[in-house]
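Here's the letter readout for the chains.
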Amino acid sequence: MTATTLSFSNFKGGVGKTSTTALVAYNLQKLGHKVLIIDFDAQANITSLMLKTKSVNDEIITIDKALMKAINEDSPLEELVIQIKENLDLIPNAVDFSMYPRYLERNFDSEIDRVSYFKNKIGGLRDKYDYILIDVPPTLSLLNDTAFFACDQIIVVLQTQERSLSGAEVFIRYLQETLIDEFHSNVDILGILPVLSKKGARVDAEILKAASEEFGVENIFENKISLMERIKRFDMTGISDDPKDQHDNRVHAVFEGVSKEIIARLEEGSE
Ligand SMILES: Nc1ncnc2c1ncn2[C@@H]1O[C@H](COP(=O)(O)OP(=O)(O)OP(=O)(O)O)[C@@H](O)[C@H]1O
Ligand SMILES: [Mg+2]
(Lines give C-alpha, C1' and ligand atoms only; values in the text may rest on other atoms or scores of the structure.)
(Ligands and ions follow the chains in the order given, each with its own letter.)
Protein backbone atom coordinates (compact mmCIF):
# COMPACT_ATOMS: atom_id res chain seq x y z
CA MET A 1 0.00 0.00 0.00
CA THR A 2 1.05 3.58 -0.60
CA ALA A 3 -0.73 6.17 1.46
CA THR A 4 -2.47 9.11 -0.10
CA THR A 5 -1.35 12.13 1.90
CA LEU A 6 -3.91 14.87 2.37
CA SER A 7 -4.34 18.16 4.18
CA PHE A 8 -7.46 20.24 4.79
CA SER A 9 -6.32 23.79 4.59
CA ASN A 10 -6.88 27.48 4.22
CA PHE A 11 -4.72 30.14 5.81
CA LYS A 12 -7.74 31.44 7.67
CA GLY A 13 -7.98 30.45 11.32
CA GLY A 14 -10.89 28.76 13.00
CA VAL A 15 -12.68 27.58 9.86
CA GLY A 16 -12.95 23.95 10.98
CA LYS A 17 -9.74 22.44 9.55
CA THR A 18 -8.90 20.43 12.65
CA SER A 19 -12.42 19.12 13.36
CA THR A 20 -12.84 18.19 9.71
CA THR A 21 -9.46 16.40 9.59
CA ALA A 22 -10.30 14.43 12.74
CA LEU A 23 -13.80 13.44 11.62
CA VAL A 24 -12.75 12.50 8.10
CA ALA A 25 -9.91 10.39 9.54
CA TYR A 26 -12.36 8.73 11.92
CA ASN A 27 -14.82 7.95 9.12
CA LEU A 28 -12.18 6.75 6.66
CA GLN A 29 -11.24 4.24 9.35
CA LYS A 30 -14.89 3.22 9.76
CA LEU A 31 -15.03 2.64 6.00
CA GLY A 32 -12.25 0.07 6.41
CA HIS A 33 -9.09 2.07 5.74
CA LYS A 34 -5.92 2.40 7.74
CA VAL A 35 -5.38 6.03 8.66
CA LEU A 36 -2.65 8.13 10.27
CA ILE A 37 -3.20 11.67 11.53
CA ILE A 38 -0.10 13.85 11.81
CA ASP A 39 -0.50 16.89 14.03
CA PHE A 40 1.54 19.66 12.41
CA ASP A 41 0.36 22.47 14.66
CA ALA A 42 2.11 23.60 17.87
CA GLN A 43 -1.38 24.36 19.27
CA ALA A 44 -1.79 20.55 19.29
CA ASN A 45 -5.57 20.74 18.93
CA ILE A 46 -5.92 17.47 17.06
CA THR A 47 -3.57 15.75 19.50
CA SER A 48 -5.79 16.75 22.38
CA LEU A 49 -8.99 15.80 20.50
CA MET A 50 -7.67 12.37 19.52
CA LEU A 51 -6.20 11.60 22.96
CA LYS A 52 -9.62 12.37 24.47
CA THR A 53 -11.16 10.10 21.84
CA LYS A 54 -8.80 7.30 22.89
CA SER A 55 -9.31 7.83 26.59
CA VAL A 56 -11.76 5.63 28.48
CA ASN A 57 -13.30 6.66 31.80
CA ASP A 58 -11.76 10.14 31.50
CA GLU A 59 -8.24 8.97 32.29
CA ILE A 60 -5.73 11.56 31.16
CA ILE A 61 -3.25 10.29 28.60
CA THR A 62 0.08 12.05 28.55
CA ILE A 63 2.70 11.80 25.85
CA ASP A 64 6.42 11.96 26.42
CA LYS A 65 7.52 12.41 22.85
CA ALA A 66 6.01 14.69 20.22
CA LEU A 67 6.98 15.54 16.65
CA MET A 68 9.73 18.08 17.38
CA LYS A 69 11.62 15.59 19.53
CA ALA A 70 11.85 13.03 16.74
CA ILE A 71 12.98 15.78 14.39
CA ASN A 72 15.67 17.04 16.78
CA GLU A 73 16.88 13.54 17.57
CA ASP A 74 16.71 12.54 13.92
CA SER A 75 14.78 9.45 14.96
CA PRO A 76 12.08 7.73 12.89
CA LEU A 77 8.53 9.06 13.15
CA GLU A 78 7.31 5.48 13.69
CA GLU A 79 8.48 5.83 17.31
CA LEU A 80 5.88 8.54 17.94
CA VAL A 81 2.83 6.69 16.69
CA ILE A 82 -0.03 6.40 19.19
CA GLN A 83 -2.91 4.09 18.41
CA ILE A 84 -6.25 5.87 18.94
CA LYS A 85 -8.27 2.85 17.89
CA GLU A 86 -7.70 -0.03 15.54
CA ASN A 87 -6.42 1.32 12.20
CA LEU A 88 -6.46 4.92 13.40
CA ASP A 89 -3.11 6.30 14.56
CA LEU A 90 -1.79 9.68 15.63
CA ILE A 91 1.58 11.40 15.57
CA PRO A 92 1.21 14.02 18.31
CA ASN A 93 2.50 17.56 18.48
CA ALA A 94 3.33 19.97 21.28
CA VAL A 95 4.29 23.58 21.82
CA ASP A 96 7.99 22.94 21.13
CA PHE A 97 7.09 22.64 17.44
CA SER A 98 7.45 26.43 17.25
CA MET A 99 11.19 25.67 16.91
CA TYR A 100 10.68 23.75 13.67
CA PRO A 101 11.29 26.63 11.19
CA ARG A 102 14.54 27.44 13.01
CA TYR A 103 15.56 23.80 12.82
CA LEU A 104 15.07 23.86 9.06
CA GLU A 105 16.97 27.09 8.62
CA ARG A 106 19.87 25.87 10.72
CA ASN A 107 20.18 22.46 9.11
CA PHE A 108 19.58 23.11 5.43
CA ASP A 109 21.11 25.74 3.22
CA SER A 110 18.86 25.60 0.21
CA GLU A 111 15.20 26.44 0.14
CA ILE A 112 14.27 23.25 -1.68
CA ASP A 113 16.04 21.10 0.93
CA ARG A 114 14.05 22.85 3.64
CA VAL A 115 10.73 22.55 1.84
CA SER A 116 11.22 18.88 0.99
CA TYR A 117 12.47 17.85 4.45
CA PHE A 118 9.18 16.55 5.82
CA LYS A 119 8.23 14.64 2.67
CA ASN A 120 11.44 12.67 3.09
CA LYS A 121 10.86 12.30 6.81
CA ILE A 122 7.45 10.60 6.37
CA GLY A 123 8.66 8.41 3.51
CA GLY A 124 8.80 5.26 5.62
CA LEU A 125 5.23 5.70 6.88
CA ARG A 126 3.65 5.79 3.46
CA ASP A 127 3.64 2.04 2.96
CA LYS A 128 1.91 1.44 6.30
CA TYR A 129 -1.30 3.41 5.71
CA ASP A 130 -4.02 4.02 3.16
CA TYR A 131 -4.36 7.67 4.16
CA ILE A 132 -2.14 10.14 6.00
CA LEU A 133 -3.90 13.34 7.05
CA ILE A 134 -1.76 16.29 8.12
CA ASP A 135 -3.45 18.92 10.32
CA VAL A 136 -1.77 22.28 9.74
CA PRO A 137 -1.99 25.69 11.44
CA PRO A 138 -3.56 28.65 9.60
CA THR A 139 -0.50 30.25 8.04
CA LEU A 140 1.33 30.67 4.79
CA SER A 141 4.80 29.81 5.97
CA LEU A 142 7.82 27.59 5.52
CA LEU A 143 6.32 25.34 8.21
CA ASN A 144 3.18 24.70 6.19
CA ASP A 145 5.06 24.58 2.90
CA THR A 146 6.90 21.52 4.20
CA ALA A 147 3.56 19.87 5.05
CA PHE A 148 1.96 20.77 1.71
CA PHE A 149 5.05 19.55 -0.13
CA ALA A 150 4.56 16.17 1.57
CA CYS A 151 0.92 16.03 0.40
CA ASP A 152 -0.52 14.44 -2.71
CA GLN A 153 -3.71 16.44 -2.41
CA ILE A 154 -4.97 19.50 -0.59
CA ILE A 155 -8.62 20.07 0.17
CA VAL A 156 -9.39 23.75 0.55
CA VAL A 157 -11.77 24.37 3.43
CA LEU A 158 -14.11 27.21 2.52
CA GLN A 159 -16.26 28.77 5.16
CA THR A 160 -19.28 30.26 3.45
CA GLN A 161 -19.16 33.67 4.96
CA GLU A 162 -18.18 36.99 3.55
CA ARG A 163 -14.55 37.48 2.57
CA SER A 164 -13.58 33.83 2.87
CA LEU A 165 -13.93 33.36 -0.87
CA SER A 166 -11.08 35.78 -1.53
CA GLY A 167 -9.12 33.94 1.18
CA ALA A 168 -9.52 30.71 -0.75
CA GLU A 169 -8.47 32.43 -3.98
CA VAL A 170 -5.31 33.79 -2.36
CA PHE A 171 -4.55 30.39 -0.86
CA ILE A 172 -4.96 28.54 -4.16
CA ARG A 173 -2.81 31.10 -5.96
CA TYR A 174 -0.15 30.69 -3.26
CA LEU A 175 -0.12 26.90 -3.69
CA GLN A 176 0.19 27.29 -7.43
CA GLU A 177 2.90 29.96 -7.44
CA THR A 178 4.98 28.76 -4.51
CA LEU A 179 4.68 25.00 -4.23
CA ILE A 180 3.94 24.02 -7.79
CA ASP A 181 5.72 26.64 -9.92
CA GLU A 182 8.67 27.42 -7.64
CA PHE A 183 9.33 24.10 -5.91
CA HIS A 184 7.86 21.76 -8.53
CA SER A 185 5.71 19.95 -6.00
CA ASN A 186 3.31 17.33 -7.37
CA VAL A 187 0.58 18.46 -5.01
CA ASP A 188 -2.90 18.83 -6.45
CA ILE A 189 -6.05 20.46 -5.20
CA LEU A 190 -8.68 17.76 -4.75
CA GLY A 191 -11.49 20.24 -4.34
CA ILE A 192 -13.07 22.92 -2.24
CA LEU A 193 -15.02 21.72 0.77
CA PRO A 194 -17.67 24.16 2.01
CA VAL A 195 -18.31 24.56 5.72
CA LEU A 196 -21.69 26.26 5.94
CA SER A 197 -22.25 29.27 8.16
CA LYS A 198 -25.12 29.52 10.55
CA LYS A 199 -26.22 32.78 9.05
CA GLY A 200 -28.81 31.01 7.05
CA ALA A 201 -29.27 29.51 3.68
CA ARG A 202 -29.22 32.76 1.73
CA VAL A 203 -25.61 33.77 2.49
CA ASP A 204 -24.45 30.18 2.03
CA ALA A 205 -26.23 29.88 -1.30
CA GLU A 206 -24.76 33.17 -2.55
CA ILE A 207 -21.21 32.25 -1.59
CA LEU A 208 -21.59 28.75 -3.05
CA LYS A 209 -22.82 30.23 -6.31
CA ALA A 210 -19.91 32.67 -6.43
CA ALA A 211 -17.49 29.84 -5.58
CA SER A 212 -18.88 27.67 -8.38
CA GLU A 213 -18.42 30.51 -10.85
CA GLU A 214 -14.92 31.25 -9.63
CA PHE A 215 -13.51 27.74 -9.25
CA GLY A 216 -15.84 25.65 -11.44
CA VAL A 217 -18.79 23.73 -10.06
CA GLU A 218 -16.96 20.41 -10.50
CA ASN A 219 -14.29 21.59 -8.04
CA ILE A 220 -16.73 22.18 -5.20
CA PHE A 221 -17.50 19.16 -3.01
CA GLU A 222 -21.10 17.97 -3.34
CA ASN A 223 -21.05 17.02 0.34
CA LYS A 224 -21.09 20.10 2.52
CA ILE A 225 -20.41 20.41 6.22
CA SER A 226 -23.12 22.05 8.26
CA LEU A 227 -22.63 23.58 11.69
CA MET A 228 -23.36 21.00 14.35
CA GLU A 229 -23.15 21.76 18.07
CA ARG A 230 -22.07 18.19 18.74
CA ILE A 231 -18.75 18.87 16.98
CA LYS A 232 -18.00 21.67 19.48
CA ARG A 233 -18.71 19.25 22.30
CA PHE A 234 -16.19 16.79 20.89
CA ASP A 235 -13.43 19.33 21.79
CA MET A 236 -14.23 18.52 25.42
CA THR A 237 -15.33 14.89 25.27
CA GLY A 238 -13.41 13.48 22.34
CA ILE A 239 -15.26 12.02 19.34
CA SER A 240 -18.26 10.00 20.46
CA ASP A 241 -20.07 7.56 18.22
CA ASP A 242 -23.06 6.08 19.97
CA PRO A 243 -25.39 4.53 17.38
CA LYS A 244 -28.34 5.30 19.67
CA ASP A 245 -27.47 9.02 19.80
CA GLN A 246 -29.03 11.00 16.94
CA HIS A 247 -26.51 13.87 17.22
CA ASP A 248 -23.54 11.51 16.92
CA ASN A 249 -25.26 9.77 14.02
CA ARG A 250 -25.84 13.03 12.21
CA VAL A 251 -22.20 14.13 12.52
CA HIS A 252 -20.86 10.80 11.32
CA ALA A 253 -23.35 10.62 8.44
CA VAL A 254 -22.05 13.98 7.16
CA PHE A 255 -18.38 12.99 7.46
CA GLU A 256 -18.98 9.55 5.99
CA GLY A 257 -20.39 11.36 2.95
CA VAL A 258 -17.35 13.64 2.75
CA SER A 259 -15.00 10.66 3.16
CA LYS A 260 -16.70 8.72 0.37
CA GLU A 261 -16.53 11.73 -1.91
CA ILE A 262 -12.79 12.08 -1.19
CA ILE A 263 -12.27 8.43 -2.17
CA ALA A 264 -14.36 8.89 -5.33
CA ARG A 265 -12.49 12.07 -6.33
CA LEU A 266 -9.13 10.35 -5.80
CA GLU A 267 -10.25 7.42 -7.98
CA GLU A 268 -11.47 9.77 -10.69
CA GLY A 269 -8.17 11.63 -10.60
CA SER A 270 -6.12 8.45 -11.01
CA GLU A 271 -8.08 7.14 -14.00
N1 LIG B 1 -18.98 21.75 11.47
C2 LIG B 1 -18.85 22.35 12.66
N3 LIG B 1 -19.95 22.66 13.39
C4 LIG B 1 -19.83 23.29 14.59
N5 LIG B 1 -18.68 23.64 15.14
C6 LIG B 1 -17.55 23.37 14.47
C7 LIG B 1 -17.56 22.70 13.20
N8 LIG B 1 -16.27 22.57 12.78
C9 LIG B 1 -15.51 23.10 13.74
N10 LIG B 1 -16.25 23.58 14.76
C11 LIG B 1 -15.79 24.27 15.98
O12 LIG B 1 -15.22 25.51 15.59
C13 LIG B 1 -14.04 25.77 16.34
C14 LIG B 1 -12.86 25.90 15.38
O15 LIG B 1 -12.74 24.66 14.70
P16 LIG B 1 -11.32 24.03 14.37
O17 LIG B 1 -10.43 24.02 15.54
O18 LIG B 1 -11.57 22.74 13.69
O19 LIG B 1 -10.81 25.11 13.31
P20 LIG B 1 -9.37 25.29 12.68
O21 LIG B 1 -9.57 25.82 11.32
O22 LIG B 1 -8.58 24.04 12.82
O23 LIG B 1 -8.75 26.40 13.65
P24 LIG B 1 -7.19 26.88 13.67
O25 LIG B 1 -7.06 27.76 12.47
O26 LIG B 1 -7.04 27.59 14.97
O27 LIG B 1 -6.34 25.65 13.56
C28 LIG B 1 -13.89 24.60 17.32
O29 LIG B 1 -14.46 24.98 18.56
C30 LIG B 1 -14.71 23.49 16.69
O31 LIG B 1 -15.27 22.62 17.65
MG1 LIG C 1 -6.68 23.70 13.70
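The shown structure was predicted, so the numbers you read here are calculated from the model rather than taken from an experiment. (Residues numbered from 1 in each chain as written. Chains lettered and ligands numbered in written order. Predicted model: local features only at pLDDT ≥ 70, side-chain atom pairs only at ≥ 80, totals over all residues. Heavy atoms only, no water.)

(A) Spotlight on the site of ligand 1. Around ligand 1, 17 residues are found, and the nearest of them are Lys 17, Thr 18, Ser 19, Met 228 and Asp 235. The backbone of Gly 14 places a nitrogen or oxygen atom 2.8 Å from an oxygen atom of ligand 1. One of the backbone nitrogen or oxygen atoms of Met 228 is found 2.8 Å away from a nitrogen atom of ligand 1. Here ligand 1 loses 83% of its free accessible area of 620 Å² to cover by the protein chains. A majority-of-atoms criterion places ligand 1 in the largest pocket. Elements that contribute at least two residues to the shell around ligand 1 include exactly helix H1 (17-30) and helix H9 (229-237). Looking at the shell around ligand 1, its residues break down into 6 nonpolar, 7 polar and 4 charged. (Near = heavy atom within 4 Å. Polar contact = N/O pair within 3.5 Å; in protein donor to acceptor, adjacent residues only side chain to side chain. Areas by Shrake-Rupley, 256 points an atom, 1.4 Å probe, with all protein chains shown as cover. 1 Å grid on protein atoms, 1.4 Å probe; cavity = no way out; pocket = protein on both sides within 12 Å on 5 of 7 lines; lining within 4 Å. Sits in = over half its atoms within 2 Å of the grid points. Helix = DSSP H or I, 4+ residues; strand = E, 2+ residues; numbered from the N terminus. Nonpolar A, V, L, I, M, F, W, Y, C, P; charged D, E, K, R; others polar.)

(B) A look at the environment of Lys 65. The topology assignment puts Lys 65 in the loop between helix H2 (45-54) and helix H3 (67-72). Along the primary structure Lys 65 and Leu 80 are separated by 15 residues, whereas in three dimensions their C-alpha atoms are 6.5 Å apart. Once residues lying within four places of it in the same chain are set aside, the contact partners of Lys 65 are Glu 73, Ser 75, Glu 79, Leu 80 and Pro 92. A polar atom in the side chain of Lys 65 sits 3.2 Å from the side chain of Glu 73. At 2.9 Å, the side chain of Lys 65 forms a polar contact with the side chain of Glu 79. (Contact = heavy atoms within 4.5 Å.)

(C) Expanded view of the packing of aromatic side chains. One pass over the full model with this rule turns up 8 aromatic pairs. With a centroid separation of 5.5 Å and an interplanar angle of 45°, the aromatic rings of Phe 108 and Tyr 117 are classed as tilted. Clustering of aromatic rings is evident, with ring pairs tying together Phe 40, Phe 97, Tyr 100, Tyr 103, Phe 108, Tyr 117 and Phe 118. Here Lys 85 stacks its cationic end above the ring of Tyr 26, 4.2 Å away from the centre of that ring. (Phe/Tyr/Trp six-rings, centres within 6.5 Å; stacked < 30°, edge-to-face > 60°. Lys NZ or Arg CZ within 6 Å of the ring centre and 35° of its normal.)

(D) Structural context of helix H4 (residues 100-107). Along H4, the positions that sit buried rather than exposed are Tyr 100, Tyr 103 and Leu 104. The buried residues of H4 occupy an angular sector of 95° when the element is viewed end-on, so they sit on one face. Here the buried face of H4 lies against H3, helix H5 (111-121) and helix H6 (142-150). (Buried < 20%, exposed > 50% of the residue type's maximum accessible area, 1.4 Å probe, protein only. Arc of directions from axis to C-beta.)

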